[in-house]
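Observations on the model geometry
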Amino acid sequence: MEKREGHDNKYGMVIDLDKCTGCGTCMVACAAENNVTVRADESDKERSIAWMQLYKIDNGRPFPDTEVCYFPRPCMHCDEDGRGGHHSPCVSVCVATATELDPHTGIVSQIYARCIGCRYCQAACPYHARYFNWWDGYSSFKPFSKGMERSLSPEVSPRMRGVIEKCTFCHHRLMRAKTKAYAENRRDLREYEYITACTEACPARAITFGDLNNPDHMVSRLIKNKNTFRLLEKLNTQPKVYYISSKEWVRKLADNYLPDQIKPVSGNDI
Amino acid sequence: MGSDKKKFTELLSVNRRNFIKFAIGGAVGTGLSPLPWKLIDDTAIFTQNLPWVPVPETGKFTKVRSHCTLCPGACGIEVRKVGDRAVKIEGRTDHPVNPGGLCPLGMGGLQLLYNENIRCKSPLKRVGSRSTGEFEPLSWDEALRALTHQILELRSNGKAGSIVAIDGYNSGSTVSLMIKRFMKAIGSNNYIRLPSMEGETAAVSKLMYGSDTPVAYDLENSDFILSFGCGLLEGWGAPGRLLNTWGLWRSAENRENATIYQVEPRASNTASKADKWIPARPGTETALALGIANVIIRENLYNKTYVENCTAGFFEHEAEGIKQRGFRDIIVENYNPDRVSEITGIGPDMIISTARAFAGAKTPIAICGKGKGTLNGDINEFMAVHALNALTGNINRPGGVLIGARPPLSELPAPEVDEIASESLKKPGLTLGNAVLKEYSSQTSAIAESILKGDGQEVDTLLVFSSNPAFTIPDGGDFYQSLAKIPFIVSFSPYLDETAMMADLILPDHTYLEKIDDMECPSLQYSFYGMTQPAVAPLYDTRNTGDVIIRLAEMIGGTTANSFPFKTLEEAIKSRVQGLFDCKEGSGKYNPSDTPSKFISAGTGVTPDFKDFKGMWKQLKNGGFWYNPLSHIKNNADIFNAPESKFEFMSSRLKSLIEASTAKPASDTLEEPLYMPHFRGSEKSDEGYPLMMIPYEMINLSSGWLPNPPYLNKSLFDSQLKGDDSFVEINPETALAYKLKEGDKIQVTSAKGSASVRVHLFDGAMPGVVFMPMGFGHMAYDDFSFGKGCNPNRLMGANIDPLSGQPAWWYTPVKISKAI
Amino acid sequence: MDSALIPEGTKRCSAPAFFLWTLPWLLLLACGGVSALLCLIFGLNQTNMSNIFAFALWIVADLAVIALGAGAFFTGFLTYIIGKKELKDIINVAVIIGFICYSGAMGMLGIDIGQPVRGWFIFWHANIHSMLVEVSFCITCYLCVLTIEYIPIIFENKKLNTVREFHLFGHNLHHIMAIFAATGTFLSFFHQGSLGGMFGVMYARPFAARYGFYIWPWTFFLFILSAIAAGPCFTILCTKLTEKITRKKLVPDKAIDLLAKISGFLLALYIILKIADTAGWIYGVIPQAGQRLMDFYREGPYGIWMLICEIGLFGIIPAILLLTPSLRKNRLCLIIASLMNCAGIVLNRFVFVIVTLAIPVMPFERFWSYLPTWQEWAIALAVIGYGFLLFSLSYRYLPVFPKERELNPY
């Protein structure tokens, strides 16, 4: 394939929080798709692994005006600062070049076999999207090994202990889709030909995935919605995961604001 | 020569100088050689290929289509396989119920297949004492012989009626029919289904609509949904359908979003995502529904044409020569917003505005069945809610309440009954002492009642199918205790669940991914029939329970064997499917642009697409489905033309049931007949138990028979489960009154039992109520479930629903104290 | 017993007494060894580190000892490059302390990474944009330099010095020490700086992020400055502790006083710049991220008092003490000032490591807390045990203090 400069494709995700029901299927689908390990005590949230993590938020108002909402949080696949400033927060700090921003897809990869486990990237990531393997997920006395390793997918390599892992936008699915397209003599993928496991699994169809560089793709249209925002946008991490919410309080919780920094969205329409 | 020799010996002698030279030289030499670098590299390569980190075997990628039978929701699944291994379950995009998505439980299903710690790998017989889990494997022949012997002996002693079967298979499935038929053939009336809202839905359909098939709701075409505690996003009905529909309702492109009002005491996902949350006091939903009815009637917002033509009991009327007040007058008199506001805690304005919004909508539906609907419902509340539907007249039309129709499957030939059996069948089955609605409600609790209270009804042998009542019955542990007193328990569970641990004999079924099975989905607004096929070959020495029953019948012989004129379950299913083909209706294909709800709103049926039976069978057998979108839309005249088949605000059928009942529920002080929806409030004084405990269900926590697949544990918050402690949600205000902080350990005590939990302060919890998650507290299974949290069922069952006699699990008075 | 090894003309305690003295340190080392083995065999689950506290006690300890060990390069710089001859009396101590700190830190780092065997990937697959790569390169090289600086001191041992090669080697090294001092200074400058840079570049963590000059955030320069301000004080403290324990005067007051004065001056400079940096952070970085200073201290045990302590109690006060000649010459006052100075730098490193990670960035994320396990403590304390042991051995067998004989005639 001939190499071009800049992002050929810029894969991104739009999560509609009005549609999201907080069911957690995305988390389960992600774990099942990507051979994520499970521990007997998954309530140890500081050490458990969830590439796609669900955050429960509420509007902080007393009964009966309380409302809850959910933020599904995959890796944001932060991008370069368009102004030539900095790189994704994690990519620039990795000592062993074990995580890279793919210029052709915009996907932030993680090379498990090269990661030395220094965890600097974890410290640099404000989204807590990076997970360290504190345990051997599979050694013979682990509950996860009791037959459940039979459902491991050969498309994603299981991780050894002591390395960082994170959401890869189901990169293997991109490979799968590309292989199919090339076999059919196509260079470019059709919309939805490559989607992540969470996108596919969401029963409420709250997640849309596609190429942000392609104006015809649904994601490109959705990010023009007035109610679209990103997490911690002010830090200029350039996430490629967008959210939509018609609720002011939800949008406000996506970033830190000083009183004069809040710009209310007028109207709830596109 | 001499000096050379000297040099040589000098070189060899280990003096200090030489040693140092040698050491330095050696170090430099080794450093320059590839050896250390190679070693460093090799060790790094070793860390990249640790022998215990599995390398998943690759192979040919295939997909197997099937259905998920973990709940009655009938989602289509596609199992992705590599070689012989199933590696992922995905939602089927070519399926009318869940076009693409799945619920988390369905998504985590492979861990219910492959987790060998929870599976029962061969027939087992108990060797240790009960619940210790000491079993010994035995062959299928031995196991079947043991059970046959037991049944034959009981039959010959005239005690066939003491054989009790609890059936947790999806209703309408062929296996379920076969269990029922088997029980009849051997001569027992004690075929018991587990409690679920299906029972009360069937009851309300019969009592008010006069329909033998349960009502269903065309939610997709509705523009206003008034939900009385239904966990629409927590797994209610068919979760795949509901979640998908929710996404459609909330999509930015959809201009005809449905408005959803949720009545619930807790800011659940449904309540929060709804347009309005109406936090009525728990147990007062009936009053709220009737208060809304009051406003609708007083403000003349009801559908007069419908009420006049298609309903009975609304106006003053004469019954048996006595003048009777109608529903209208009683409601107007007793349920004015001010009084209802006092009962429910909902302001009169809110009641009035809700009533106006509801009656003003084009296609409003009021729905009921709390939480996931996997437990029994409050029949009185169901009746009140359906009275609202009748007031708007949004019945039997798109976007309304539809009168269900079962898929037109062929009937199996009637079972044959021999003399012993027919003698035995004369004895009544187990019934809850004070149940009026025994026909409709689950009588599972009657087992515990008869054993623990010793009212003479005998249970000698208990057969448990596809269920785990020891964990799921909300009776404060009565059922679990009674198990210890049952002489012989046989479990057909593929898992070593709590009930199986108490069994004497386990005849393990396949899991749902290993077998052929079929299902209807009565909660859908159209008739549906789907089949599963084995996604993988059985992993262990297990057998399909359908086949096991046929084999058992064969071994028992005589009329029992004759009642099963098929060799396999598959044969039985095939004979039923014939009816689907013969009806010449319905389709087995789904086109995303033509959803069933579009067919319903358009009023056009699908084009039947089955050409011959062979082709149809092949398609179904490969995990196919049959559905008929217009099956529930009927001619109004057909339903409501005869006087006895009008919608009854005051149920004459219930009236006669009450009159026939030996144990009449206590009469009321209000002038309201018991056979119309009414609110009576709590009968018992709750002295000593100032708070209320309400169990709540989550879609990402399996609360029924199945253990939570480990992947789902990831999605639980640590304010729900932390270590081995589960949390109850309480309002900060209540916490303050009890001086409790986030995470404090407390003891929750009801009249039935006590549990130790932690406290999570949540503004969305109604003050004075303790919300306990349902699905924790397993005392079986493996590290992922065992001993994690507390099972609220152990505290419930102090209150009994007066009509069904079943535990009123939705309301438990409790007290709390800080654990020391 | 070991008198043949003891430096000429000095008095040391008896061998059994010395052995007893080393026992506690050996014990600490042993505990550390056990913990290290546990971590290497079972993995880092032996610690209380987590996905939130990716860096924890060990990194705090690393940063602290590396900063405190800065006395080595900076004294070397003053002695050999600037030519402050009076510091020759204390340079050996500085070098040994530096060696202890750096080797200890490297050991700890080796256990801290998830895949120690792959540690060399840092060099092989180096990502030149990473501050941590700069740190690793410089620390590794500087540890070599420190080793080279340490070797001649070892070769001055009475017994070893009799070996001609050792004597010559050591002697020649002495001659070119200025080159190593310069190299060390250069390397140290960059790794002290890049250690600070590590945190300053985390632009998505507003608590640590700083603006800066070219690719270097201000923390880069502040870390250098704070290290060279505190390092000499740590050298003074070690010397004073040795003097106290051995009940001898070992270093002339002149050398101590000079170091203290320079330290005080640098500390004052550092505090001024730190205040400027803090102001820039409060009025620049934080509001840009949509926050206020006090938002960082909403929850948990960490409060604004940390900032006040860092700048006021452990900054301005010791700077004044060290810059006032009369106070500086008071032994007690000098020790208190040095202690405060060192405490300030440890607090600073703690804040950058732990508080940065404890403070959530996403508004809906909660505040996390962390307590180390005994394994983490054992390894961190083992470095202290190792330091005492190596320093004691050096003192006993090597002529660490050139003026010892002169100051303590028989």
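Residues numbered from 1 in each chain as written. Chains lettered and ligands numbered in written order. Predicted model: local features only at pLDDT ≥ 70, side-chain atom pairs only at ≥ 80, totals over all residues. Heavy atoms only, no water.

Of the residues lining the interface, 74 residues belong to chain A; the matching set on chain B comes to 76 residues. Summed over both sides, the interface of chain A with chain B buries roughly 6,000 Å², with 60% coming from carbon and sulfur. Linking chain A with chain B are 4 salt bridges. Put simply, Glu155(A) and Arg80(B) hold a salt bridge, and the shortest N to O gap is 2.7 Å. In this assembly, chain A and chain B are joined by 31 residue pairs in polar contact (both at pLDDT 80 or more). Residue assignment for the side of chain A that touches chain B shows that the elements contributing at least two residues are α1 (25–33), β2 (53–58), β3 (68–73), α4 (171–183) and α5 (197–201) of chain A. Looking at the side of chain A that touches chain B, the element that brings in the most residues is α1(A), giving 7 residues. Taken together, the residues of the side of chain A that touches chain B sort by class into 35 nonpolar, 14 polar and 25 charged. (Contact = heavy atoms within 4.5 Å. Buried area = accessible area lost by both parts, 1.4 Å probe. Salt bridge = Lys/Arg side-chain N within 4 Å of Asp/Glu carboxyl O. Polar contact = N/O pair within 3.5 Å; in protein donor to acceptor, adjacent residues only side chain to side chain. Helix = DSSP H or I, 4+ residues; strand = E, 2+ residues; numbered from the N terminus. Nonpolar A, V, L, I, M, F, W, Y, C, P; charged D, E, K, R; others polar.)

The next thing to look at is unusual backbone geometry. Residues and elements named next belong to chain A. Residue proline 64 is reached from phenylalanine 63 by a cis peptide bond, and omega for that bond is 0°. Within the secondary structure, proline 64 sits in the loop between β2 and β3. One non-glycine residue, histidine 128, lies in the positive phi region at around 55°. In this structure, histidine 128 sits in the loop between α3 (120–124) and β4 (130–132). The residue asparagine 236 is not glycine, and still its phi comes out positive at about 65°. For asparagine 236, the location among the structural elements is in the loop between β7 (228–229) and β8 (241–244).

All names here are of chain B. Taken in spatial order, the 3 strands of this open sheet run β20-β21-β22, and their pairing is antiparallel. Both outer strands of the open sheet, β20 (517–520) and β22 (625–628), are each paired with one neighbouring strand and no more. Adjacent strand axes in the sheet meet at a mean angle of 10° when their direction is disregarded. Bridging between β20 and strand β21 (residues 527–532) involves 4 bridges; their strand directions are antiparallel. Note that in β21 the partner of aspartate 518 across the bridge is methionine 531. Its contacts with the sheet place helix α26 (residues 613–621) against β21 and β22, and it is angled at close to 70° to β21. (Pairing = 2+ DSSP bridges. Axes fitted to C-alpha atoms, helices over the stretch in contact; angles between N-to-C directions.)

What follows concerns the packing of helix α8 (residues 197–209) of chain B against helix α16 (residues 379–392) of chain B. Residues and elements named next belong to chain B. Two numbers describe how α8 lies on α16: the axes approach to 10 Å, and their chain directions differ by 50°. Between α8 and α16, the angle is such that the two are oblique. Considering only the axes of α8 and α16, their crossing is right-handed. Residues Met197, Glu200, Thr201, Ala203, Val204, Leu207, Met208 and Tyr209 of α8 lie in contact with α16, whose contacting residues are Ile379, Phe382, Met383, His386, Ala387 and Asn389. Residue composition of the contact of α8 with α16, grouped by class: 10 nonpolar, 3 polar and 1 charged. (Parallel < 35°, antiparallel > 145°, perpendicular 65-115°, else oblique. Left-handed = near helix turned anticlockwise from the far one by under 90°.)

Here a ring pair, both rings aromatic, is described through the centre-centre distance and the interplanar angle of the planes. Counting across every chain of the model gives 65 aromatic pairs over all chains. Where Phe73(C) meets Phe74(C), the ring centres are 6.4 Å apart and the plane angle is 75°; that geometry is what we call edge-to-face. Judged by its relative accessible area of 5%, Phe73(C) is buried. Here a set of aromatic residues connected by ring pairs shows up, and it is made of Phe186(C), Phe189(C), Phe190(C), Phe213(C), Tyr214(C), Trp216(C), Trp218(C), Phe220(C) and Phe221(C). The ring of Trp135(A) has Arg39(A) sitting right over it, with the charged end atom 3.6 Å from the ring centre. One Lys or Arg, Lys304(B), reaches over the ring of Tyr302(B) and ends 5.1 Å from the middle of that ring. (Phe/Tyr/Trp six-rings, centres within 6.5 Å; stacked < 30°, edge-to-face > 60°. Buried < 20%, exposed > 50% of the residue type's maximum accessible area, 1.4 Å probe, protein only. Lys NZ or Arg CZ within 6 Å of the ring centre and 35° of its normal.)

Looking at chain C, the pLDDT average stands at 89 and 100% of residues meet or exceed 70. This complex was scored by the predictor with a pTM of 0.93 and an ipTM of 0.93. (pLDDT = per-residue confidence, 0-100.)

Counting 377 residues, the largest nonpolar core has Phe71(A), Leu226(B), Phe228(B), Leu288(B), Leu388(B), Leu391(B) and Phe649(B) as the members making the most contacts within it. In terms of nonpolar packing, the next biggest core, distinct from the first, is built from 49 residues, Ala143(B), Ile186(B), Met531(B) and Phe581(B) among them. (Core = buried A, V, L, I, M, F, W, Y, C linked by side-chain atoms within 4.5 Å.)

What follows deals with the pattern of salt bridges. Scanning the entire structure with this criterion turns up 69 salt bridges over all chains. Lys180(A) serves as the salt-bridge partner of Glu184(A), at 3.6 Å between the closest nitrogen and oxygen. Judged by its relative accessible area of 39%, Glu184(A) falls in the partly exposed class. With a closest N to O distance of 3.2 Å, Lys621(B) and Glu570(B) form a salt bridge. Placement of Lys621(B) in helix α26 and of Glu570(B) in helix α24 (residues 569–582) is noted, with a sequence separation of 51 residues between them. Classification of Lys621(B) by relative accessible area gives partly exposed; the value is 33%.

Residues and elements named next belong to chain B. In this structure, strand β27 (residues 745–750) lies alongside strand β28 (residues 754–761), joined through 5 bridges in antiparallel fashion. Considered in β28, the bridge of lysine 745 is made with arginine 758. Here β27 folds back onto β28, and the loop between the two strands holds 3 residues. Examined bridge by bridge, β27 and strand β30 (residues 812–818) share 5 bridges and lie antiparallel to one another. Note that in β30 the partner of valine 748 across the bridge is isoleucine 816.

A separate point is the state of the cysteines. Within this structure, the stated rule accounts for 0 disulfides over all chains. Cysteine Cys167(A) is unpaired, with the sulfur of Cys75(A) as its nearest cysteine sulfur at 5.4 Å. Cys68(B) carries a free sulfur, and the closest cysteine sulfur to it, the one in Cys75(B), is 6.3 Å from it. (Disulfide = S-S within 2.5 Å.)

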